[in-house]
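# Coordinate inspection notes
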Amino acid sequence: MKKNIKVIIFFVSLLVVYGIFVGVSKSEENFNSSVLEEDIFNIQGVENLKLNGKSIIGKEQKIFVEPENGDISEVNVINKQKVNVGDILFSYYNIEIESELDNLKNKIEKNNNKKIAIYNDKNAIIEEINSYNEQIKNKNAVQELNNIVNKEEINEAVEEINEEGNEKEIEIDNEVEVFNNKIEELNLELNSINEILNEVEEENSEIEIEIKKLKDSLITNVKADIDGIVYLNENALYDNTEVFIRIISEEGFIKGEATEFNVDLLEVQSDVLIRNITTSEYIKGKIVYINDLPKEESGESIATYNFYIDPEKELRIGATVQIICNYKNINIPEEYIYCLDEKMYLCSLNNEKYELIEADIFYENNNYYLINSSVGIGTDIVKNFYKYVDGES
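Residues numbered from 1 in each chain as written. Predicted model: local features only at pLDDT ≥ 70, side-chain atom pairs only at ≥ 80, totals over all residues. Heavy atoms only, no water.

### Observations concerning the nonpolar core
The line we're drawing: For the purposes of this section, nonpolar cores are sets of buried Ala, Val, Leu, Ile, Met, Phe, Trp, Tyr and Cys residues that join through side-chain atoms within 4.5 Å. Relative accessibility under 20% of the residue-type maximum defines a buried residue, over 50% an exposed one, and the middle range a partly exposed one, all with a 1.4 Å probe and only protein chains included. Where helices and strands are cited, they refer to DSSP runs of H or I of at least four residues and of E of at least two residues respectively, numbered from the N terminus. Any two residues whose heavy atoms approach within 4.5 Å at even a single point are treated as in contact.
Grouped together as the largest cluster of nonpolar side chains are 18 residues, with contacts concentrated most on L266, I274, F307, I309 and I323. Those elements giving two or more residues to this core turn out to be β2 (49-56), β10 (253-259), β11 (271-276), β12 (282-290), β13 (304-311) and β14 (320-325). Contacts of I323, omitting those with residues within four sequence positions, involve L49, K50, L51, N52, G53, I254, G256, V272, L273, F307 and I309. The next biggest cluster of nonpolar side chains, apart from the first, holds 15 residues, and it includes I63, V222, F244 and I247.

### Some thoughts on the pairing of strand β6 (residues 88-93)
Put simply, the rule reads: A pair of strands counts as paired when DSSP detects no fewer than two bridges linking them.
For strand β4 (residues 71-75) and β6, the ladder comprises 4 bridges, and the chain directions are antiparallel. When the bridges of β6 are listed, D71 appears paired with Y93. As paired strands, β6 and strand β7 (residues 219-223) are joined by 5 bridges and run antiparallel to one another. From the neighbouring strand, I88 faces β7, where its bridge partner is K223.

### Structural notes on the environment of E364
As a reminder of what qualifies: Side-chain atoms alone can form a polar contact between residues adjacent in sequence; in general such a contact is a pair of N or O atoms within 3.5 Å, and within protein one must be able to donate a hydrogen while the other accepts it.
Structurally, the position occupied by E364 is in strand β17 (residues 353-364). Put simply, E364 and K328 are 36 residues apart on the chain and 9.4 Å apart in space, counted from C-alpha to C-alpha. Leaving out residues up to four positions away in the same chain, E364 has contacts with K284, Y327, K328 and Y369. A polar atom in the side chain of E364 sits 2.5 Å from the side chain of K284.

### Some remarks on the confidence of the model for the protein
Inclusion rule: pLDDT is a per-residue confidence score from the predictor, ranging from 0 to 100.
On average, residues of the protein score 81 in pLDDT, and 80% of them reach the 70 mark or higher. Here helix α1 (residues 2-26) stands out as the element of the protein with the lowest mean pLDDT, 39, in contrast to β14, whose mean of 96 is the highest. Taken together, the stretch residues 1-30 has pLDDT below 50 and engages in 23 contacts with residues farther than four places along the chain or on a different chain. With pLDDT under 50 throughout, residues 154-158 is counted as low confidence; its partners more than four residues away or in other chains account for 1 contact.

### Description of the environment of S373
Inspection of the secondary structure puts S373 in strand β18 (residues 367-373). A relative accessible area of 28% places S373 in the partly exposed class. When the C-alpha positions of S373 and D360 are compared, they lie 6.3 Å apart, and in sequence the two are 13 residues distant. A polar contact is formed between the side chain of S373 and the backbone oxygen of E358, at a distance of 3.3 Å. A polar atom in the side chain of S373 sits 3.1 Å from the backbone nitrogen of V375.

### Regarding the pairing of β12
As defined by bridge partners, β11 adjoins β12 across 5 bridges and the pair is classed as antiparallel. Following the sheet pairing, I274 is matched in β12 by I283. Judged from the 5 bridges that link them, β12 and β13 form a sheet pairing that is antiparallel. The partner of I287 across the bridge, within β13, is I309.

### Brief notes about the environment of N306
Along the chain, N306 turns up in strand β13. It is 8.7 Å that separates the C-alpha atoms of N306 and Y289, two residues lying 17 residues apart in sequence. In contact with N306, not counting residues within four places along its chain, are K255, G256, E257, I290, N291 and K295.

### Things to note about a negative patch on the surface
As a reminder, the rule being used: Put simply, a patch holds well-exposed residues, over 30% relative accessible area, that have no salt bridge, with like charges counted together within 9 Å and Val, Leu, Ile, Met, Phe, Trp or Tyr side chains within 5 Å. Accessibility throughout is a Shrake-Rupley quantity obtained with a 1.4 Å probe, and a residue counts as covered only by protein chains that appear here. For this document, the term salt bridge refers to a Lys or Arg side-chain nitrogen within 4 Å of an Asp or Glu carboxyl oxygen. When charges are counted, Lys and Arg are positive and Asp and Glu negative, with His and the chain ends excluded. Here the site of a charge means atom NZ of a Lys, CZ of an Arg, CG of an Asp or CD of a Glu.
Negative charge collects at one region of the surface, where D87, D227, E251, D310, E312 and E314 lie side by side. With respect to the helices and strands, the residue E251 is situated in the loop between β9 (243-248) and β10. Its relative accessible area of 54% is what places E251 among the exposed residues.

### Here's the deal with the sheet that holds β4
Paired through backbone hydrogen bonds, the strands of a sheet run either parallel or antiparallel to each other. Defined as follows: In this analysis an axis means a line fitted to C-alpha atoms, helices contributing only their contacting stretch, and an angle means the value between N-to-C directions, from 0 to 180 degrees.
Spatially, the 3 strands line up as an open sheet ordered β4-β6-β7, and their pairing is antiparallel. Looking at which strands have only one partner, the edges of the open sheet turn out to be β4 and β7. In this sheet, neighbouring strand axes are inclined to one another by 30 degrees on average, regardless of whether the strands run parallel or antiparallel.

In structure tokens form, the structure reads like this:
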């Protein structure tokens, strides 16, 4: 029961404050002019620099159809799909390269058959060389045996045996020389065969490299260079002068314009506020770049410079914004701010007349910064205004 009574008291109090607030906002006659000095705050500071701007695309990738790469065989994305860097968007298939690949593969096959024949010839020559070497080895063994036998013969037959042994030695030497000459000829032939074999293998290596290149060109994958949203244009399939796929980065920028009279007040990496004109929402941002050169526009009497802001929250591309630089110039104490229906008000005092004025106030780090209002620098504002309604003091 006590809890219900507290709730009722709270709502009654709220209605009373609301009634006072509405009454003050509509009439100046019920306000006591003797406002205590301690309840008055004179707004001080420097006016904010307000410039115009627009939300623009941060990054964009444009892809045109390139018929020389072949026919589009597969499209892997749909309209307004989100993609990441490296995602395959679509593929080309170049059917003309197939015949070139077939020709090169036939060359490889012919060369391989040629290599088989060369290896057969090479092996035959090697076998023949080995045969001659074996015969030379046998002849040398016979010759050595003959020399041993000659030394063991009896003295009376020495001359006859030596004469016979010398004849056999000469005969063996002649045969060995013939064998060595044939081996030399075969080695020359073998060297020639090895050169031909090397040429064939080098040609095959070059063909393999060409085949790899052609295979890489047979199917060409087109990938995303940036993160973003895909926009497909199917008309570009029939007209390659049109963009087939656009990828728009979700990380947009704000492009602002400053004049030659205020561009020097801007600083890279300085904080700014961005007001969305459509929604009246305020977003923080940071200046990331200022053009050194003015815009090239004929007929302009005042030079203008583009600068760019990275917003903390993305805006619809093309949205018109107001950029508030140096937004921390005017700080309002919390007790002088009145909130109602999610709006903020200041109670101004001018020549003993009051007025409740709506104000755009940005809260940050326990500070309240005046951004937009008809209340300006030098204006007195009042806190605890309800004390001065209906003659109260």
